Amino acid sequence: MSKTLTDNGFPPLSSFRLMVPPLQLVSAALLQIVKQGAVMYFGLLAEFITSVLETAPELLTDTERVQLVIGLRAKAVLQLCCNDTFANQQAFQLHLSYITNQDKETFNPEVKASVTNFQRLVHTLVEDQCQKDNFYQNIFPTLFGPKYDSALQALMKKFLFNLQELLPVPNFEQTSLWLSLSPSILKECVDLMNQPKPLKHLFSITNTMGTKFLKLLLPLVMIASFPACYINYQTWKSTKVMQSSKLNPHLTHKIGRQITD
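Residues numbered from 1 in each chain as written. Predicted model: local features only at pLDDT ≥ 70, side-chain atom pairs only at ≥ 80, totals over all residues. Heavy atoms only, no water.

**Considering the overall build of the chain**
Applied cut-off: To qualify as a helix, a DSSP run of H or I must reach at least 4 residues; to qualify as a strand, a run of E must reach at least 2; elements of each kind are numbered from the N terminus. Remark: exposure states derive from per-residue accessible area (1.4 Å probe, protein chains only) relative to the maximum for the residue type, with buried under 20%, exposed over 50%, and partly exposed in between. Methods summary: accessible areas were calculated by the Shrake-Rupley approach with a probe of 1.4 Å, and residue burial reflects only the protein chains presented.
In terms of helices and strands, the chain carries 14 helices and zero strands. Evaluated residue by residue, the chain yields a buried proportion of 42% over its 261 residues. Of the roughly 14900 Å² that the chain leaves accessible, carbon and sulfur atoms contribute 58%.

Here it is as structure tokens:
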């Protein structure tokens, strides 16, 4: 049994690829990233969403696109800024540069105001340790906490649902017809039979633990294997705290409200 699992104790991604369509596998991984708040992947998420929307802009409204992409990058910037060592300065600058560029690319006054407010907030966090401590202890958990995360998840679900609707999985007959019209692709599919190990792993796990266990493991496999999946698919209430803070109430409230409203 141990031979059928990876070092993390999960079935290998190659086995799940036999059972889950590639787009569905990537989509589920993307949603798990947002649900689990894995900010180290938020840059990849934002790039993926932006790339898809360049080709299919109808998947989200312009407002939803800005809320989702900037929302992901803003959360990543604030998490990185929370780290005193700034271990990933390059990622911090990339996220911040993208958010700043939105001020030049949009005519929406609310977006422009939010970008300006966010820049001021980040500058304050970097330059003033006292204000930074106050922000992360008293403001961040409320303004950028569960409500903010839930709003990001809702936007991500809408994006992925619309993507699935745009590219539905073909049924068996449709797939067979396409292969009959493309001998070269048919040959590549046949060549997969020379790699039986992933299929054997899948059968072994199913026979040993049952399909219910397999379904429970699937989200964990996808979050652990997200980079591979990606590459293969090429309201603020505590006024007392705000009154004691030098941070502009409009500045902090505006940023979070753009996402949660």
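Now that the structure has been shown, the text picks up again.
**A few points about the packing of aromatic side chains**
Aromatic ring pairs: the centre-centre distance and the angle between the two ring planes describe each pair. Here is the rule: Aromatic pairing here means that ring centres of Phe, Tyr or Trp (its six-membered ring) are within 6.5 Å. Orientation follows from the plane angle: under 30 degrees is stacked, over 60 is edge-to-face, and everything else is tilted. Think of it as a cone above the ring: NZ of Lys or CZ of Arg counts as a charge over the ring if it is within 6 Å of the ring centre and within 35 degrees of the ring normal.
On inspection of all chains with the given rule, the structure shows seven aromatic pairs. Among the aromatic residues, ring-to-ring pairing joins Phe135, Tyr136, Phe140, Phe144 and Tyr148 into one connected group. In this arrangement the basic side chain of Arg73 is found over the ring face of Tyr98, its NZ or CZ atom lying 4.4 Å from the centre.

**Digging into a nonpolar patch on the surface**
We apply this condition: The residues that make up patches have over 30% relative accessible area and no salt bridge, and they are joined within 9 Å when like-charged or within 5 Å when they are Val, Leu, Ile, Met, Phe, Trp or Tyr. Between Lys or Arg on one side and Asp or Glu on the other, a salt bridge is scored when a side-chain nitrogen of the former is within 4 Å of a carboxyl oxygen of the latter.
Taken together, the side chains of Leu177, Trp178 and Leu181 make up a nonpolar region of the molecular surface, amounting to roughly 380 Å² of accessible area. Residue position: Leu181 is located in the loop between helix H9 (172-180) and helix H10 (183-191).

**Focus on the nonpolar core**
Selection criterion: Definition of nonpolar core: a set of buried residues of the types Ala, Val, Leu, Ile, Met, Phe, Trp, Tyr and Cys, connected through side-chain atoms within 4.5 Å. Should any heavy atoms of two residues lie within 4.5 Å, those residues are counted as being in contact.
Leu68, Leu78, Phe118, Phe135, Met156 and Phe159 are the most contacted members of the largest nonpolar core, which totals 51 residues. Every residue in contact with Leu68, bar those within four places of it in the chain, is listed here: Ile49, Leu60, Leu152, Leu155, Met156 and Phe159.

**Remarks on the pattern of salt bridges**
Under the criterion given, the structure shown has three salt bridges. Residue Arg65 is joined to Asp62 by a salt bridge in which the shortest nitrogen-to-oxygen separation is 2.8 Å. Placement of the pair is Arg65 and Asp62 together in helix H4 (residues 62-82), with a separation of three residues, close to one helical turn. Classification of Asp62 by relative accessible area gives partly exposed; the value is 47%.

**Description of the confidence of the model for the chain**
Our working rule: Per-residue confidence from the prediction method is given by pLDDT, with values spanning 0 to 100.
For the chain, per-residue confidence averages 75 on the pLDDT scale, and 67% of positions sit at 70 or higher. At the level of individual helices and strands, the chain shows its lowest average pLDDT in helix H13 (residues 239-243), which scores 33, and its highest in helix H8 (residues 146-166), which scores 94. The low-confidence segment residues 1-7 (pLDDT under 50) makes 14 contacts with residues lying over four places distant or belonging to another chain. Low confidence marks residues 216-252, where pLDDT is under 50. Its contacts with residues over four positions away, or in another chain, come to 76 contacts.

**Describing the environment of His95**
Under the convention used in this document: Any pair of N or O atoms that falls within 3.5 Å is considered a polar contact. Within protein, one atom must be able to donate a hydrogen and the other to accept it, and sequence-neighbouring residues count only if both atoms are side-chain atoms.
The topology assignment puts His95 in helix H5 (residues 89-105). As a C-alpha pair, His95 and Ala46 span 49 residues in sequence and 9.5 Å in three-dimensional space. Those residues in contact with His95 that lie beyond four places of it in its chain are Phe42, Gly43, Arg73, Ala76, Val77 and Leu80. Polar side-chain contacts of His95 include one of 3.0 Å to the side chain of Arg73.

**Considering the packing of helix H2 (residues 22-35) against H8**
For any two helices packed against each other, the geometry is given by the interaxial angle and the distance between the axes. Defined as follows: Under this scheme, a helix contributes an axis fitted over its contacting stretch, all axes are lines through C-alpha atoms, and angles between N-to-C directions fall in the 0 to 180 degree range. An angle below 35 degrees is read as roughly parallel, one above 145 as roughly antiparallel, one from 65 to 115 as roughly perpendicular, and any other as oblique. Put simply, Ala, Val, Leu, Ile, Met, Phe, Trp, Tyr, Cys and Pro go in the nonpolar bin, Asp, Glu, Lys and Arg in the charged bin, and everything else, Gly too, in the polar bin.
Relative to each other, H2 and H8 sit at 175°, their axes nearing to 10 Å. On the basis of their axis angle, the class for H2 and H8 is roughly antiparallel. In this structure, H2 uses Leu23, Gln24, Ser27, Leu30, Leu31, Val34 and Lys35 to contact H8, whose residues at the interface are Leu152, Gln153, Met156, Lys157, Leu160, Leu163 and Gln164. Here the contact of H2 with H8 is composed, by residue class, of eight nonpolar, four polar and two charged.

**Thoughts on H2**
Heads up, the condition is: Multiplying 1.5 Å by the residue count of a helix minus one yields the expected span of that helix.
Over its 14 residues, H2 extends 20 Å from the first C-alpha to the last, a length consistent with the 20 Å expected when each residue adds 1.5 Å. In terms of burial, H2 is a largely internal element, ten of the 14 residues being buried. Within the sequence span of H2, burial applies to Leu23, Leu25, Val26, Ser27, Ala29, Leu30, Leu31, Gln32, Ile33 and Val34. Following H2 by one or two positions, Gly37 adopts a phi angle in the positive range, close to 60°.

**Structural notes on the packing of H4 against H8**
Heads up, the rule is: Whether a crossing is left-handed or right-handed is set by the direction in which the near helix is turned from the far one by less than a right angle, anticlockwise for left-handed and clockwise for right-handed.
One way to put it is that H4 packs onto H8 with a least axis distance of 10 Å and a crossing angle of 130°. As far as their axial angle goes, H8 and H4 are oblique. You can see that H4 and H8 cross each other, and the crossing is left-handed. Counting all contacts with H4, which are made through Glu64, Gln67, Leu68, Gly71, Leu72, Ala74 and Lys75, the residues of H8 involved are Tyr148, Asp149, Leu152, Leu155, Met156, Lys158 and Phe159.

**Considering the state of the cysteines**
Worth spelling out the cut-off: Disulfide: a pair of cysteine sulfur atoms within 2.5 Å of each other.
Applying the stated rule across the entire model yields zero disulfides. You can see Cys81 has no disulfide; the closest cysteine sulfur is in Cys82, sitting 7.8 Å from it. A relative accessible area of 1% places Cys81 in the buried class.

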